[in-house]
Protein chains: 2
Amino acid sequence: MLHRTYNDQDCSVARALEVVGERWTILILRDAFLGIRRFDDFQRSLGVARNVLQTRLRRLVDEGLLERRRYQERPLRHEYVLTPRGEDLWPVLLALMEWGDHHRTERATAPRALHRGCGGTLTQRCTCTRCEAEIDVGDVELRYDGAGTRAA
Amino acid sequence: MLHRTYNDQDCSVARALEVVGERWTILILRDAFLGIRRFDDFQRSLGVARNVLQTRLRRLVDEGLLERRRYQERPLRHEYVLTPRGEDLWPVLLALMEWGDHHRTERATAPRALHRGCGGTLTQRCTCTRCEAEIDVGDVELRYDGAGTRAA
């Protein structure tokens, strides 16, 4: 558990990490993006203990990132499918993928993210919503307004 | 520790998470982006146990994401500064921030990322490096090539 003062900080990075700030969780989401839906397939892909996987999947369902859907009656079986809220984590995965490609391995890497149809590789660019300039880390100003913590 | 098969997967997401797949680590990086450099300031900001902070900072230095610099002789004191490799994690933080803003809080959030000078807010867009189209999650094809795992 994170320290209590932390909940008083109205920080969106911190809040996002309360949901996905754990390695297995992000790898489960990676696999979901790769099309894996069934418990046994996640288990095989990740090599994670079944009880850990169970806990993480339940958490992701509770947080609304995955939906648990019945796909078979006898025996009863469910599969796990990304919700729109889960799909919105796509840029986090892509950013991790780009960093990992660049800094963590010199070999050909998997998974690769491609533009469906065209087959081109993908990249993320940061832009300013006001002047539309392309933004580099040196152009970024991070402001920590205390204001947010007191509102509503 | 992650399961062994995992190291055999040449997955850039997995490799990135080996370095930053832990909540405190990403929050330390967030603070570093906010300009925090000193142990006591990280400790105050995060409310994390000193030994945990020590371990995480050491790991980030060992992995080349932070540089440990002497800033005072008597008593001897060091500060922690982002390296270019650490700065390259900026898109991951921005993606987490955007997701957290959108999904995890209805209040005004901090930190806010702004374009220095212009003051506009920032956003990330995914584009295809071949046809330059703007990419939505539905346009993405993830391919898991086994090839990478056997190379070099």
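Residues numbered from 1 in each chain as written. Chains lettered and ligands numbered in written order. Predicted model: local features only at pLDDT ≥ 70, side-chain atom pairs only at ≥ 80, totals over all residues.

This part is about helix H5 (residues 50–62) of chain A. Residues and elements named next belong to chain A. Across its 13 residues, H5 extends 18 Å between first and last C-alpha, which sits within 8% of the 18 Å expected from 1.5 Å per residue. Residues of H5 that are buried: Arg56, Leu57 and Leu60. Looking down the long axis of H5, one finds its buried residues gathered within 100° of arc, a one-sided arrangement. Set apart from the buried face of H5 by more than 90 degrees, the exposed residues are Asn51 and Asp62. Residues of H5 that are buried in the fold lie against helix H3 (23–33), strand E1 (66–72) and strand E2 (77–82). (Helix = DSSP H or I, 4+ residues; strand = E, 2+ residues; numbered from the N terminus. Expected span 1.5 Å × (residues − 1). Buried ≥ 20, exposed ≤ 12 C-beta atoms within 10 Å, placed from the backbone. Arc of directions from axis to C-beta. Contact = placed C-beta atoms within 7 Å.)

The subject of this paragraph is the packing of helix H7 (residues 90–103) of chain A against helix H7 (residues 90–103) of chain B. Relative orientation of the contacting elements H7(A) and H7(B) amounts to 175°, with a least axis distance of 8 Å. In this view, H7(A) runs roughly antiparallel relative to H7(B), as classed from their interaxial angle. Residue-level inspection shows Pro91(A), Val92(A), Ala95(A), Leu96(A), Glu98(A) and Trp99(A) of H7(A) in contact with H7(B), the latter providing Pro91(B), Val92(B), Ala95(B), Leu96(B), Glu98(B) and Trp99(B). Split by residue class, the contact of H7(A) with H7(B) holds 10 nonpolar, no polar and 2 charged. (Axes fitted to C-alpha atoms, helices over the stretch in contact; angles between N-to-C directions. Parallel < 35°, antiparallel > 145°, perpendicular 65-115°, else oblique. Nonpolar A, V, L, I, M, F, W, Y, C, P; charged D, E, K, R; others polar.)

Axis angle and axis distance: for two packed helices, these are the angle between their axes and the distance between the axes, and together they describe the pair. Residues and elements named next belong to chain B. The N-to-C vectors of helix H3 (residues 23–33) and helix H5 (residues 50–62) enclose an angle of 75°; their axes lie 10 Å apart at closest approach. Taken together, the axes of H3 and H5 are roughly perpendicular relative to one another. On the side of H3, the interface is formed by Trp24, Thr25 and Ile28, while H5 contributes Val52, Arg56, Leu57 and Leu60.

Of all hydrophobic cores here, the largest spans 78 residues; its most connected members are Val92(A), Leu93(A), Leu96(A), Val92(B), Leu93(B) and Leu96(B). Filtering out sequence-adjacent residues up to four positions away, Leu96(A) remains in contact with Val13(B), Ala16(B), Leu17(B) and Val92(B). (Core = buried A, V, L, I, M, F, W, Y, C linked by C-beta atoms within 7 Å.)

Next up on the list: unusual backbone geometry. Residue and element names in this part refer to chain A. A cis amide bond links arginine 74 with the next residue in sequence, proline 75, at an omega value of -5°. Checked against the element boundaries, proline 75 lands in the loop between E1 and E2. The residue glutamate 132 is not glycine, and still its phi comes out positive at about 65°. Tracing the sequence through the fold places glutamate 132 in the loop between strand E4 (122–128) and strand E5 (140–143).

Let's shift gears to the confidence of the model for chain A. All names here are of chain A. Scored by pLDDT, chain A comes out at a mean of 82, with 83% of its residues at no less than 70. In this model, residues 1–8 is a region of pLDDT below 50 whose contacts with residues beyond four sequence positions or in other chains number 8 contacts. Below pLDDT 50 for its whole length, residues 146–152 participates in 12 contacts with residues either more than four positions away or in separate chains. In the model output, the complex is listed with pTM 0.81 alongside ipTM 0.81. (pLDDT = per-residue confidence, 0-100.)

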